[in-house]
Amino acid sequence: MKASVIGATGFAGAELLRLLDGHPEVELAAITSESSTGENIAAMYPHLASRIETTLSSMKDIEQIADNSDVIFIALPHGHAMKIGRQLKTRNVKIVDLGGDYRFKDPKVFEAWYKVEHEDPETKAVYGLTELYREQVRDAKILANPGCYTTCSILALVPLLKAGLIKTSSIIVDAKSGTTGAGRSLKLGSLYCSVNENFHAYGVASHRHTPEIEQVYSDYAGKDVIIQFTPHLLPVDRGILATCYADLCEGVTAAQVSKAFADMYANEYFIRLRGQGVCPEIKNVRVSNYVDIGWQLDQRTGRVIVMSALDNLVKGAAGQAVQNMNVMFGMQENTGLTQLPIYP
C-alpha cells in the first residue's frame, strides 16, 4: 500500500514517517514540505538516516501525488486540508487529516473557534477516534484525526457518560502537554528559556479543543455537554496527562465505575486500564500508542477523578493516524504500532 505525507517536516509529520517506516504493509509514495522542497528529510531529521533518504517534494502536484497513493496523510496546520479535500473529491484516494479542518459535524463551530471560513463545508468526514467510531472509520473517505488533548480527555470520561454515572453539568478537564504539542514553528512561548523550569496555563476558556471534546461527550451522553477545559504547558518534550473531574450521580458505586471502563475498553489493544487508585504517568506511555487510564472516587466531595496519559505525537497524532489507516484498509489495528514504551 502506498502512503504519502503532506507536511512531513513538522513534529507530527516526522513521527508519522517513523511509524510508517516500521509498517510492514506500507511504502512511502511522496513526502512534501513547502518550506524545504528539494531537501533530504534525513538531513533535517538525522534519526531517519539510512531508513528514509527521501527528497521532499511540493504539494503543488497534489493530484499527481493522489494518483500514486492509496492514502494521503495531511500533517499541516488548520486551513490546508479543506483545500486538498475539496480538490481530491473525485480521486480514488483516502485522506487522513491530522489537523482540525474536518473534526466538527457543524462547520460553523469550526469557523467560530478557528476564525477561518470553511472551504469544504458539505463534506462529511468521519471522526477518527478508532476506539469509539471503529465501524465508521472502516468506510471513511476523509478521516478527521482527533487532537491530542481531545483523545486523552475524551477516552477518560466517555465510559462514564455512556453508562450515565456522572452529571454532565460540572465536568472539568485539567490537561498538561509537552512542548511538541505546540508544533515545530518558532513561537516565543516554546523557546527553551520560556519552557525550562516553568509551568503555566494557556488558552484559558478559549482553547480550540474545547468544542471537540464537548461534541463527543455530547454524543455519548445523549445531550449537550458543556465543560471547563484548561490546558497547561509542561517543560517536557512529549506526553499529555489529563485529569478529569465529574460529579457522580446519586448512589453510584466504585464497582459501577470500574465496570463502565471494563465494558468499553477491556478488549481495546491500546487502552491500558490501570484501575482505581492508580495515577498514570506520561513516562510510561512515551513513544508508544498506548493510553493509560486510572481513576479514584472521592467520597467526601462525591466526585470521580479520572486520569489519562498518552504520547501526544503518537496516540495523540501520528499513531492514531496509522491506527485509523489500518482499520480503513482492513489490516490488523495494531500493525506497525506494537512498540513498547521507552523507559525512562
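Up top you'll find the structure we're talking about.
Residues numbered from 1 in each chain as written. Predicted model: local features only at pLDDT ≥ 70, side-chain atom pairs only at ≥ 80, totals over all residues. Heavy atoms only, no water.

Caption draft 1: Structural detail: the environment of Gly128. Mapped onto the secondary structure, Gly128 falls in the loop between strand S5 (126-127) and helix H6 (130-138). Here the alpha-carbon distance between Gly128 and Arg51, two residues 77 residues apart in the chain, equals 28 Å. Those residues in contact with Gly128 that sit more than four places away from it in its chain are Val137, Leu143, Ala144, Asn145, Pro146, Gln320 and Asn324. (Helix = DSSP H or I, 4+ residues; strand = E, 2+ residues; numbered from the N terminus. Contact = heavy atoms within 4.5 Å.)

Caption draft 2: Summary view of the packing of aromatic side chains. What the rule picks out here adds up to nine aromatic pairs. With centroids separated by 4.7 Å and ring planes inclined at 15 degrees, the aromatic side chains of Phe110 and Tyr114 adopt a geometry described as stacked. One end of the pair, Phe110, and the other, Tyr114, are both in helix H5 (residues 107-114), four residues apart, so they sit about a helical turn from each other. Judged by centre distance (6.2 Å) and plane angle (65 degrees), the rings of Tyr133 and Tyr220 are edge-to-face. Of this pair, Tyr133 sits in helix H6 while Tyr220 sits in helix H9 (residues 209-221); the two residues are 87 residues apart in sequence, bridging distant segments of the chain. (Phe/Tyr/Trp six-rings, centres within 6.5 Å; stacked < 30°, edge-to-face > 60°.)

Caption draft 3: Looking closely at the sheet that holds strand S1 (residues 2-6). One open sheet holds the six strands; their spatial order is S2-S1-S3-S4-S6-S5, and the pairing between them is parallel. With partners counted over all chains shown, the strands left at the sheet margins are strand S2 (27-32) and S5, one partner each. Sheet topology note: the strand S3 (residues 71-74)/strand S4 (residues 94-97) ladder contains four bridges and is parallel. Its bridge partner lying in S4, Ile72 is registered against Ile95. (Pairing = 2+ DSSP bridges.)

Caption draft 4: The arrangement of the layout of surface pockets in detail. As a volume, the largest pocket reaches approximately 1300 Å³. Along the wall of the largest pocket there are 50 residues; nearest its centre are Pro77, Gly181, Ala182, Gly183 and Lys187. Of the residues in the lining of the largest pocket, the class split is 18 nonpolar, 27 polar and five charged. Estimated volume of the second largest pocket: approximately 290 Å³. For the second largest pocket, the lining is made up of 19 residues, of which Tyr102, Lys105, Ala125, Val126 and Tyr127 are closest to its centre. Counting only elements with at least two residues in the lining of the second largest pocket, the list comes to S5, H6 and H9. Top contributing element to the lining of the second largest pocket by residue count: H9, with three residues. Looking at the lining of the second largest pocket residue by residue, the classes come out as nine nonpolar, four polar and six charged. (1 Å grid on protein atoms, 1.4 Å probe; cavity = no way out; pocket = protein on both sides within 12 Å on 5 of 7 lines; lining within 4 Å. Points joined across faces, edges and corners; volume = space filled by probe spheres on them. Nonpolar A, V, L, I, M, F, W, Y, C, P; charged D, E, K, R; others polar.)

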